[in-house]
Amino acid sequence: MMNHLKYDVLVIGGGHAGCEAATAAANMGAKTCLVTMDMNKIAQMSCNPAVGGIAKGQIVREIDALGGEMAHVTDATAIQFRMLNRSKGPAVWSPRAQCDRMKFIGEWRRVLDRTPLLDLWQDQADELLVENGEVTGVKTIWGATLHAKCVVITAGTFLNGLMHIGRKMVPGGRIAEPAVAHFTESITKHGIRHNRMKTGTPVRIDKRSVDFSLLEIQDGETDFHQFSFMGPHRKLQQLPCWTCYTNEEVHATLEAALDDSPLYNGQIQSIGPRYCPSIETKLVTFPGKSQHPLFLEPEGEDTNEMYLNGFSSSLPMDVQIEALRHIPALREVKVYRPGYAIEYDFFDPTQLQHSLESKIVKGLFFAGQVNGTTGYEEAGGQGTMAGINAAIRCAGGEPFVLHRDEAYIGVLIDDLVTKGVDEPYRMFTSRAEYRILLRQDDADARLTEKAYLLGLAKRERYDWWLKKKSEMENIEQFCREWTVKPTAINGALEKLGTTPLREGTRVADLLSRPQLNFEILKELVPELKAKLESINERKEEIVEATEIRIKYKGYIEREKMVAEKMHRLENIKIKGRFDYSEMQQLSTEARQKLAAINPETLAQASRISGVSPSDINVMLVLLGR
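Residues numbered from 1 in each chain as written. Predicted model: local features only at pLDDT ≥ 70, side-chain atom pairs only at ≥ 80, totals over all residues. Heavy atoms only, no water.

## Quick word on the sheet that holds strand β4 (residues 78–84)
Definition in use: Any two strands are treated as partners once DSSP identifies two or more bridges connecting them. Labels follow the DSSP assignment, with helices taken as runs of H or I lasting at least four residues and strands as runs of E lasting at least two, numbered in each case from the N terminus. Only the stretch in contact is used when fitting a helix axis, every axis being a line fitted to C-alpha atoms; angles between N-to-C directions are given from 0 to 180 degrees. Should any heavy atoms of two residues lie within 4.5 Å, those residues are considered in contact.
Taking strand neighbours across the sheet as the criterion, the 3 strands line up as β3-β5-β4 in an open arrangement whose pairing is antiparallel. Of all strands in the sheet, those with a lone pairing partner are β3 (50–52) and β4, marking the two edges. If you compare each strand with its neighbour and ignore which way they point, the axes differ by 15° on average. Note: β3 against strand β5 (residues 94–99), 3 bridges, orientation antiparallel. Within β5, the position partnered with Gly-52 by the bridge is Arg-96. Across the sheet, helix α3 (residues 70–77) lies against β3, β4 and β5, angled at about 115° from β4, the strand it touches most.

This is the structure:
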């Protein structure tokens, strides 16, 4: 066998970050190889088989707008879809889908198999190869040497992974899958810092043992919404989820066993996710609460396996099962396996540039949980950007970076490389200061043209965006120009509880009223109805996106102005212009943080925790001199 294989880009790990990185690099023309330990577990959903959620759904739409794959795979395998946050404004609407776990893996495998320039290699990375501060490839445990100009590490939770159930500890990267020893050490010996994190997953339940009559049903939505801006609508059978609550007997059973909890007996020292706590952490953090909500979610179209969302735990298995049996619907419960916690290595992301390339080893990129994030969507977004930038580096181009007003992916990466992480990082809408610009409905407007110019989004996607853009502009123009007379509409306006017109008013001005939308107005203005009905493809999506754009025009323009001001600071390059240790005008914390992170621009410096607005003003004055 040839043991010297040469590539442009080598991706280590076949999870959500690895799959996006490999397809992005290959689709941009880089000869790519994805190294994975098990080709039957490509893009395994290690925790909940769900994609999206608050702010995460926006990231998946952005991956899609860039030409990535997660949204297509999700639509093809979704068994329940919901748009979250509907009671709030469209800036924070967030799509979420429950998927069929096995079909999700199969669909991703099909995507990889039909991607030109992409090879798969089933093996385990054992040693990172570096010469003169530049990556040259990896050696595997089976003795293959894979050479590459760039290497993307997307190893998830596998690096020195250690699983915990009660006082039992078993090395592994996921249940029933081996951990990766040595590889971390082959990276850190080049001066890259690492630390440990912890995450967990709940019990899996046999649905035949559940009394569904004692649960509350939660149906999905069947309207036009989906994840991808292209491609077919959901085709699998749509299934309900179910809700119930813990109770005081459940809590008493769990609390009695806290001495055996790895989180509280000193067994686990590493940092766990604040926003997805285990059930035992909830009991300790909220001692006054007599119940916590649980969601029973299907794992697939044709399996009995169900996922108990909200019951993540690493307590002994008999304790988990005994506690569940105090919930009326689960009195006879059978489980496939208990919940467990896992500890793993990650690398401090402040050691990365915004391209996700290491500042220390050239050509080495990191994406996903190895950067201290949690979640498939955060991983996929980083993987897409790492794959793009690895391909660009091979071709000798300028890095592709998304700013904070351009994408949640831009917020995510900027937060990681500027602020670092002290717990598993999860994206929220509150992390973005430009939420009104970063909606789920406009990801294609923000990103598709950029991706087409890069070579990642293909012509078909770009042409569809141009067609959609033209349809939207057409409706907007009509709404700005068409005037409605008071006599035609005042009766209806009074019934709706909104002020009648005194003079002719444009449709756009009517639409800005909270009581009115296109659905109501088209029944009152026949010309508007004709205009909207003339759209042939994905009509509802186009109409909704246009309505949001018109309704929130003032807010959108105001936020764009704020973003423009920040861009002026983005344009002020400061790397290499200051010796921070000598700058007595700055606070001690600012000197230390600035020296450690060495930001590229004044805007990035302003986002480092511990650097105050007055520190930024000092630097502006010194630059002026």
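## Considerations on the nonpolar core
In summary, soluble globular proteins display a tendency toward joint burial of nonpolar side chains. Put simply, the rule is: In this description, a nonpolar core means a group of buried Ala, Val, Leu, Ile, Met, Phe, Trp, Tyr and Cys residues linked to one another through side-chain atoms lying within 4.5 Å. Throughout this description, buried means an accessible area under 20% of the type-specific maximum (1.4 Å probe, protein chains only), exposed means over 50%, and partly exposed covers the range between.
In terms of nonpolar packing, the biggest core is built from 99 residues, with Leu-10, Val-151, Ile-153 and Phe-183 touching the most fellow members. At 9 residues, the largest contribution of residues to this core is made by helix α9 (residues 376–395). The residues contacting Val-151, other than those within four sequence positions of it, are Leu-10, Ile-12, Leu-128, Val-135, Gly-137, Val-138, Gly-363, Leu-364 and Phe-365. Counting residues in hydrophobic clusters, the runner-up holds 25 residues, among them Met-230, Cys-479, Phe-518 and Val-543.

## Re unusual backbone geometry
Unlike most non-glycine residues, Ala-43 shows phi in positive territory, near 55°. Of note, Ala-43 is situated in the loop between β2 (32–36) and β3. For Ala-43, a relative accessible area of 0% translates into the label buried.

## Examining the packing of helix α2 (residues 56–66) against α3
Put simply, the test is: Every angle not falling under 35 degrees, over 145, or within 65 to 115 is termed oblique; those three ranges are roughly parallel, roughly antiparallel and roughly perpendicular. Residues are grouped as follows: nonpolar covers Ala, Val, Leu, Ile, Met, Phe, Trp, Tyr, Cys and Pro; charged covers Asp, Glu, Lys and Arg; every other residue, Gly included, is treated as polar.
Where α2 contacts α3, the two axes come as close as 7 Å, and the packing angle between them is 115°. Relative to α3, the element α2 is oriented roughly perpendicular. Residues Val-60, Ile-63 and Asp-64 of α2 touch α3, and the partners they reach there are Met-70, Ala-71 and His-72. Tallied by class, the residues present in the contact of α2 with α3 amount to 4 nonpolar, 1 polar and 1 charged.

## Points about the packing of α2 against α9
To be explicit about the condition: Less than a right angle of anticlockwise turn of the near helix away from the far helix marks a crossing as left-handed, whereas a clockwise turn marks it as right-handed.
Their axes nearest at 9 Å, the elements α2 and α9 cross at an angle of 25°. As the angle between them shows, α2 and α9 are arranged roughly parallel. Taken as a pair, α2 and α9 cross one another with a handedness that is left-handed. Mapping the contact onto sequence places Lys-56, Ile-59, Val-60, Ile-63 and Leu-66 in α2 and Glu-377, Glu-378, Gly-380, Gly-381, Thr-384 and Met-385 in α9.

## A word on the pairing of strand β16 (residues 305–312)
Most of β16 sits inside the fold, with 6 of its 8 residues counted as buried. Judged from the 4 bridges that link them, strand β12 (residues 194–206) and β16 form a sheet pairing that is antiparallel. Paired with Arg-204 across the bridge in β16 is Tyr-307. As paired strands, strand β15 (residues 293–298) and β16 are joined by 4 bridges and run antiparallel to one another. By the bridge assignment for β16, Pro-298 is matched with Met-306. Where β15 folds back onto β16 in an antiparallel hairpin, the turn is made up of 6 residues.

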